[in-house]
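Here is how the chains run, residue by residue.
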Amino acid sequence: MTGKFTVLVTGGAGFIGSAVCRRLISIGGYRVINLDQLTYAGNRASLRPIENSPDYVFSKTNICNETAIRELLRTYRPDAIMHLAAESHVDRSIDGPAAFVETNVIGTFRMLNAALDYWRKLDDEKRGRFRFHHISTDEVFGDLPFDSGIFTENTPYAPSSPYSASKAASDHFVRAWHETYGLPIVLSNCSNNYGPYHFPEKLIPLVILNALDDKPLPIYGKGENVRDWLFVEDHARALELVMREGRNGQSYNIGGGSERTNLQVVETICDLLDKKRPSLLGNSYRSQIAFVVDRPGHDRRYAIDATKIRSELGWTPTVTFEEGISATIDWYLENSWWWQPLRKQRYAGERLGTAKG
Ligand code: NAD
């Protein structure tokens, strides 16, 4: 075990966190401690490819339980923390914001408290290289017009939903722990992710699976909202880079450079499914598209300027939207063992899923 770089990943049973855990274990040189409360969004089946690795440890722990976090830090002595655990679904934040304040704001505060005490007691070498990496979203920057504007790291925060407000608050706390107490931090704000192991209430998996089930493909409003889509494995690679090489105290915007309207995304999925798994009814899957009443506070457009991470860390996406969406559809077609049990569970009704969504 010696010589391995130990990372405490929070939320590692979720969509992006599990991609991070799978990546760190598969490339080698890392020991991963996955701390996750296994809420409805957490799924240990997403860790199946690495669960038998001697370098992988799972702990069912709530990030609001500071005593338990301190114990994990004492036991495993990580070189870095990658903090992804969060309530992440915008629609759920509108129906029940309290859980978002509890986990995203209070939970992050507890993580910071525990991390600060742990970091202060490290020896000089380990203290110098330690990072608390907070994984955040482009939604903190708020709403862009359809035809202009792009988010840079200096764009002022203007969150619209309870979800994005809670993420904005947690970003501010992370920066405050750096400015006030000197905790070494890096922040990253990423656009919409998609890919394998994405919880089936989110837009892309929902559309794929509803299409196959002959169910309506719900789209908010007229489907004009624009998001910048990034393949999750490209995000996981960016996160590792930011954690290892990001400058202390800095934030990095991460995006796919692939802006698409929700309607374009859904139509692309329908067209690919028409070729890969034609409907037995003989219709195009596009005939299942159903426009539904828009959700309140729905930001029109997000767009990311990823110049900083490209020029400082040399990161660019390797997967185009067309390649990534095709690979994602193939994955859902081949891996019903993963999504079927989740579709069967009742997750607070048939949610629509947009954006992150
Ligand atoms: P997710 O909902 O799929 O996973 C969240 C994970 O956190 C789950 O495994 C869940 O069990 C765990 N969790 C929730 N509350 C917890 C608690 N109190 N204690 C411990 N664990 C808890 O989310 P995701 O889509 O993988 O997003 C991960 C992070 O990335 C979030 O912080 C999110 O804000 C951010 N982000 C997501 C996107 C996206 O497109 N999905 C884009 C940018 C940023």
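Residues numbered from 1 in each chain as written. Predicted model: local features only at pLDDT ≥ 70, side-chain atom pairs only at ≥ 80, totals over all residues. Heavy atoms only, no water.

### What to know about the overall build of the protein
Across its full length, the protein holds twelve helices and twelve strands. Against the compact-globule benchmark of 21 Å for 357 residues, the protein has a radius of gyration of 20 Å, which places it among compact chains. Seen through its C-alpha atoms, the protein measures out along the principal axes to roughly 65 × 45 × 40 Å. For the protein, buried positions account for 58% of its 357 residues. Long-range contacts, defined here as pairs at least 24 residues apart, represent 82% of the contacts in the protein between residues at least 6 apart. Of the accessible surface of the protein, which amounts to about 14,200 Å², a share of 50% is contributed by carbon and sulfur atoms. (Helix = DSSP H or I, 4+ residues; strand = E, 2+ residues; numbered from the N terminus. Rg over C-alpha atoms; globule rule 2.2 N^0.38 Å. Buried < 20%, exposed > 50% of the residue type's maximum accessible area, 1.4 Å probe, protein only. Contact = heavy atoms within 4.5 Å. Areas by Shrake-Rupley, 256 points an atom, 1.4 Å probe, with all protein chains shown as cover.)

### Topic: the site of the ligand
Looking at the ligand, there are 29 residues lining it, with Ile16, Asp36, Ser88, Tyr163 and Lys167 nearest. Take lysine 167: an N or O atom from its side chain is 2.6 Å from an oxygen atom of the ligand. Protein contacts shield 98% of the accessible area of the ligand, which totals 840 Å² for the unbound molecule. Breaking the shell around the ligand down by element, the ones donating at least two residues are α1 (15–27), β5 (131–137), α6 (162–181) and β7 (192–194). The dominant element in the shell around the ligand, judged by the number of residues it contributes, is β5, at three residues. Split into classes, the residues belonging to the shell around the ligand amount to twelve nonpolar, 14 polar and three charged. (Near = heavy atom within 4 Å. Polar contact = N/O pair within 3.5 Å; in protein donor to acceptor, adjacent residues only side chain to side chain. Nonpolar A, V, L, I, M, F, W, Y, C, P; charged D, E, K, R; others polar.)

### So, the sheet that holds strand β11 (residues 259–261)
Taken in spatial order, the three strands line up as β7-β9-β11 in an open sheet, and their pairing is mixed. Taken across any chain shown, the strands that pair with only one partner, and hence form the sheet edges, are β7 and β11. Strand-to-strand twist of the sheet, defined as the mean angle between neighbouring strand axes without regard to direction, takes the value 50 degrees. Sheet analysis places strand β9 (residues 226–231) next to β11, joined by three bridges and oriented antiparallel. The residue bridging arginine 227 from the neighbouring strand is arginine 260, located in β11. Helix α9 (residues 262–276) rests against β9 and β11 of the sheet, and its axis sits at about 85 degrees to β11. Against the sheet, helix α11 (residues 321–334) engages β7, β9 and β11, with an angle of about 45 degrees to β7. (Pairing = 2+ DSSP bridges. Axes fitted to C-alpha atoms, helices over the stretch in contact; angles between N-to-C directions.)

### Brief notes about the sheet that holds strand β10 (residues 251–254)
One open sheet holds the seven strands; their spatial order is β3-β2-β1-β4-β5-β6-β10, and the pairing between them is parallel. Unpaired on one side and paired on the other, β3 (56–60) and β10 mark the two borders of the sheet. Sheet twist, expressed as the mean angle between neighbouring strand axes with direction ignored, is 20 degrees. Across four bridges, the pairing between strand β6 (residues 185–190) and β10 is parallel.

### Side note on the pattern of salt bridges
What the rule picks out here adds up to 21 salt bridges. Notably, a salt bridge pairs glutamate 240 with arginine 23, separated by 3.1 Å at the nearest N-O pair. With a gap of 217 residues between them, glutamate 240 in helix α8 (residues 232–245) and arginine 23 in helix α1 connect regions that are remote in the sequence. Since its relative accessible area comes to 23%, arginine 23 is described here as partly exposed. Here lysine 126 ties to aspartate 79 by a salt bridge, and the two come within 3.6 Å at their closest N and O atoms. Of the two residues, lysine 126 sits in helix α5 (residues 124–129) while aspartate 79 sits in the loop between α2 (66–76) and β4 (80–83), which places them 47 residues apart along the sequence. Residue class for lysine 126 comes out buried when judged on its relative accessible area of 14%. A residue is classified by how much of its surface remains accessible, and aspartate 79, at 3% relative accessible area, is buried. The network of salt bridges with shared partners includes Glu66, Arg70, Arg110 and Asp117. (Salt bridge = Lys/Arg side-chain N within 4 Å of Asp/Glu carboxyl O.)

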